[in-house]
Amino acid sequence: MRVAIEAASLGLSSGGLARYTSELSLALAGCFPEDEFYLLSDQPFRMPDGAPRNLKRGGGPRNAAERRWWIWGLEREMRRLGVDLVHGPDFAVPYIPRRPSVLTLHDLSPWMNPRWHHAAKRVRRRTPLLLDLGIATMIVTPGDAVRRRAIEHFRLQPDRVVAIPEAPAPWLRRVDIPARSVPYFLFVGTLEPRKNLPMLVDAWREVRRRHPVDLILAGRKRADAPVIVEEPGLQLIGEVPDGRLAALYSGALALVCPSLYEGFGLPVLEAMQCGTAVIASSAVAEAGGDAAVYADDSEALARAMCQAVEQPGWVAERSALSLARAREFSWERTARLTHEVYLEARRRFGN
């Protein structure tokens with residue numbers, strides 16, 4: 001089988017979409033060496049590091065007509081390559097269904113609160129049409145909660161929608177680092193309204209009144225991010241290269257993820273694979289399972305953070321639970337389940 005994976009998200013410097021596309025394509029190519037996988041985009045993108053021979057870069061638009069990527073360009077490049085199926089990992093598939101397609105619907109946040117996505121008008125208009133008209137043969141979601149909500153919101157046939165969990169990158173592992181003079185809590189993710197960062201900062205300030213502890217916010221700052229100004233103990237370090245992530249996770253007292261809504265919550269599993277305790281909102285319960293401690297308001301969040309500072313035994317216990325939870329997920333499993341969806345899309349197409 002020859003599969004095209006639309007790779008525009010690999011042009012992003014960080015974030016869950018880029019991680020999903022990169023790790024899934026690598027795992028697919030590794031698990032299915034007899035298949036060929038082509039990454040295609042009309043935008044510049046970086047190939048995943050360590051790509052095997054059957055994970056290849058396809059071409060982009062060759063003329064003005066093909067710059068209308070989703071209507072003409074992607075289809076023509078797939079025809080040149082002899083592609084059997086296309087996977088859109090970022091809420092879209094080609095508009096004209098000439099071959100089976102799989103669309104990944106990571107969450108429903110673009111349709112839940114317009115203030116969460118200042119630049120998502122195209123997604124809000126396009127994706128419902130692709131789903132309603134059956135242009136996407138099959139739909140993948142990262143968890144059961146998104147699957148159920150998608151079926152209800154878009155009135156989808158349940159057997160068209162398959163929940164496949166994501167996983168932490170296999171290269172992320174706990175590392176030994178020198179202890180800091182001041183411990184720190186960590187947030188990792190895009191800085192945007194949905195992440196509920198003002199509440200996190202308020203809770204951290206409450207903890208800091210009692211304990212010397214820092215807060216590090218790591219991630220790309222989106223144009224509509226809430227205004228957060230550095231102050232003593234609060235660091236905004238921006239995007240972190242992959243090579244530094246393991247040390248950043250491993251050194252934290254806990255990862256704190258207070259999001260108002262998530263489709264899954266990949267940083268939670270990344271931290272857990274590094275043996276880091278996780279304090280989070282219930283929005284990431286499918287990722288965190290019983291290993292995370294959940295807090296959905298500022299007072300509960302501050303209490304959990306104080307517990308992490310005051311009780312080393314609590315941190316050690318949560319670290320062990322995190323490692324056990326992370327072992328339940330792998331990109332190999334994600335790839336094999338996704339490949340089953342590809343085969344089902346081929347069976348259904350045209351019927």
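A brief structural summary. (Residues numbered from 1 in each chain as written. Predicted model: local features only at pLDDT ≥ 70, side-chain atom pairs only at ≥ 80, totals over all residues. Heavy atoms only, no water.)

1. Looking at the pattern of salt bridges
Here is step 1: Under the criterion given, the structure shown has 28 salt bridges.
Here is step 2: One salt bridge in this structure joins Glu 262 and Arg 194, with 3.6 Å as the shortest N-O distance. A residue pair is termed long-range when its members are at least 10 positions apart, and Glu 262 in the loop between β11 (254–257) and α8 (266–273) and Arg 194 in the loop between β8 (184–188) and α6 (197–208) qualify at 68 residues.
Here is step 3: Arg 194 gets classed as buried once you look at its relative accessible area, which sits at 6%.
Here is step 4: Taking the shortest distance from any N to any O, the salt bridge between Glu 206 and Arg 209 comes out at 2.4 Å.
Here is step 5: Accessibility expressed as a relative area gives 39% for Glu 206, which makes it partly exposed.
Here is step 6: Salt bridges sharing partners connect three or more residues here, namely Glu 192, Arg 194, Lys 195, Arg 222, Asp 224 and Glu 262. (Salt bridge = Lys/Arg side-chain N within 4 Å of Asp/Glu carboxyl O. Helix = DSSP H or I, 4+ residues; strand = E, 2+ residues; numbered from the N terminus. Buried < 20%, exposed > 50% of the residue type's maximum accessible area, 1.4 Å probe, protein only.)

2. Some points on the packing of helix α1 (residues 16–31) against helix α12 (residues 331–348)
Here is step 1: Interaxial distance between α1 and α12 falls to 8 Å at its minimum, and their mutual angle equals 80 degrees. As summarised for this structure, α1 and α12 are arranged roughly perpendicular, according to the angle between their axes. Along its contact with α1, which presents Arg 19, Tyr 20, Glu 23, Leu 24, Ala 27, Leu 28 and Cys 31, the element α12 presents Trp 331, Glu 332, Thr 334, Ala 335, Arg 336, Thr 338, His 339 and Tyr 342.
Here is step 2: For the contact of α1 with α12, the per-class residue count stands at 8 nonpolar, 3 polar and 4 charged. (Axes fitted to C-alpha atoms, helices over the stretch in contact; angles between N-to-C directions. Parallel < 35°, antiparallel > 145°, perpendicular 65-115°, else oblique. Contact = heavy atoms within 4.5 Å. Nonpolar A, V, L, I, M, F, W, Y, C, P; charged D, E, K, R; others polar.)

3. Some points on the sheet that holds strand β3 (residues 55–57)
Strand pairs in the sheet, formed through backbone hydrogen bonds, run parallel or antiparallel to each other.
Here is step 1: Judged by pairing direction, the sheet is parallel, and its 7 strands sit side by side in the order β3-β2-β1-β4-β5-β6-β7 without closing on themselves. Each having just a single partner strand, β3 and β7 (161–163) make up the two edges of the open sheet. Neighbour to neighbour, the strand axes of the sheet diverge by 25 degrees on average, direction disregarded.
Here is step 2: Pairing analysis gives 3 bridges linking strand β4 (residues 85–88) to strand β5 (residues 101–104), with the strands arranged parallel. (Pairing = 2+ DSSP bridges.)

4. Some details on unusual backbone geometry
Here is step 1: Phi angles above zero are rare outside glycine, and Arg 155 is one such case at about 55 degrees.
Here is step 2: A positive phi angle, close to 65 degrees, is found at Asn 196, a residue other than glycine.
Here is step 3: In this fold, Asn 196 is placed in the loop between β8 and α6.
Here is step 4: Classification of Asn 196 as buried rests on a relative accessible area of 14%.

5. Let's talk about the packing of α6 against helix α10 (residues 298–310)
Here is step 1: Packing of α6 against α10 brings their axes to within 9 Å, and their N-to-C directions diverge by 50 degrees. Relative to α10, α6 is oriented oblique. Considering how the two elements wind past one another, α6 and α10 form a crossing that is right-handed. In this structure, α6 contributes Met 199, Leu 200, Asp 202, Ala 203, Trp 204, Glu 206 and Val 207 to the contact, and α10 contributes Ser 298, Leu 301, Ala 302, Met 305, Cys 306 and Val 309.
Here is step 2: Here the residues of the contact of α6 with α10 are counted per class, giving 10 nonpolar, 1 polar and 2 charged. (Left-handed = near helix turned anticlockwise from the far one by under 90°.)

6. Observations regarding the layout of surface pockets
Here is step 1: Each pocket or cavity is described by its volume, and for the second largest pocket that value is around 310 Å³.
Here is step 2: Looking at the second largest pocket, it is lined by 19 residues, and the ones nearest its centre are Arg 174, Ser 250, Gly 251, Ala 252 and Leu 253.
Here is step 3: Put simply, the parts of the chain that give the lining of the second largest pocket at least two residues each are α7 (242–251) and α11 (312–326).
Here is step 4: In the lining of the second largest pocket, the residues fall into 11 nonpolar, 5 polar and 3 charged. (1 Å grid on protein atoms, 1.4 Å probe; cavity = no way out; pocket = protein on both sides within 12 Å on 5 of 7 lines; lining within 4 Å. Points joined across faces, edges and corners; volume = space filled by probe spheres on them.)

7. Observations concerning empty space enclosed by the protein
Here is step 1: A full pass over the atoms with the stated rule returns 1 cavity of 30 Å³ or more.
Here is step 2: Taken as a whole, the largest cavity holds about 60 Å³ of empty space.
Here is step 3: Lining the largest cavity we find Glu 75, Met 78, Val 86, Val 93, Pro 94, Ile 96, Pro 97, Arg 98, Arg 99, Ser 101 and Ile 135.
Here is step 4: Looking at the lining of the largest cavity residue by residue, the class counts come to 7 nonpolar, 1 polar and 3 charged.

8. So, the packing of aromatic side chains
Here is step 1: Enumeration over the complete set of coordinates arrives at 5 aromatic pairs.
Here is step 2: Look at Phe 91 and Trp 111: their rings are 6.2 Å apart centre to centre, the planes differ by 50 degrees, and that puts the pair in the tilted class. With a gap of 20 residues between them, Phe 91 in the loop between β4 and β5 and Trp 111 in helix α3 (residues 109–112) connect regions that are remote in the sequence.
Here is step 3: Residue classification places Trp 111 among the buried positions, given a relative accessible area of 18%.
Here is step 4: Look at Phe 264 and Phe 329: their rings are 6.2 Å apart centre to centre, the planes differ by 70 degrees, and that puts the pair in the edge-to-face class. (Phe/Tyr/Trp six-rings, centres within 6.5 Å; stacked < 30°, edge-to-face > 60°.)

9. Remarks on the sheet that holds β8
Here is step 1: Across the sheet, which stays open at both edges, the 6 strands sit in the order β10-β9-β8-β11-β12-β13 with parallel pairing between neighbours. Two strands in the sheet have a free side with no partner beyond their single neighbour: β10 (234–238) and β13 (293–294).
Here is step 2: In terms of strand pairing, β11 meets strand β12 (residues 277–280) through 4 bridges, oriented parallel. Within β12, the residue paired with Ala 254 across the bridge is Ala 277.
Here is step 3: With respect to the sheet, α6 is in contact with β8, β9 (214–218), β10 and β11, its orientation differing from that of β9 by roughly 160 degrees.

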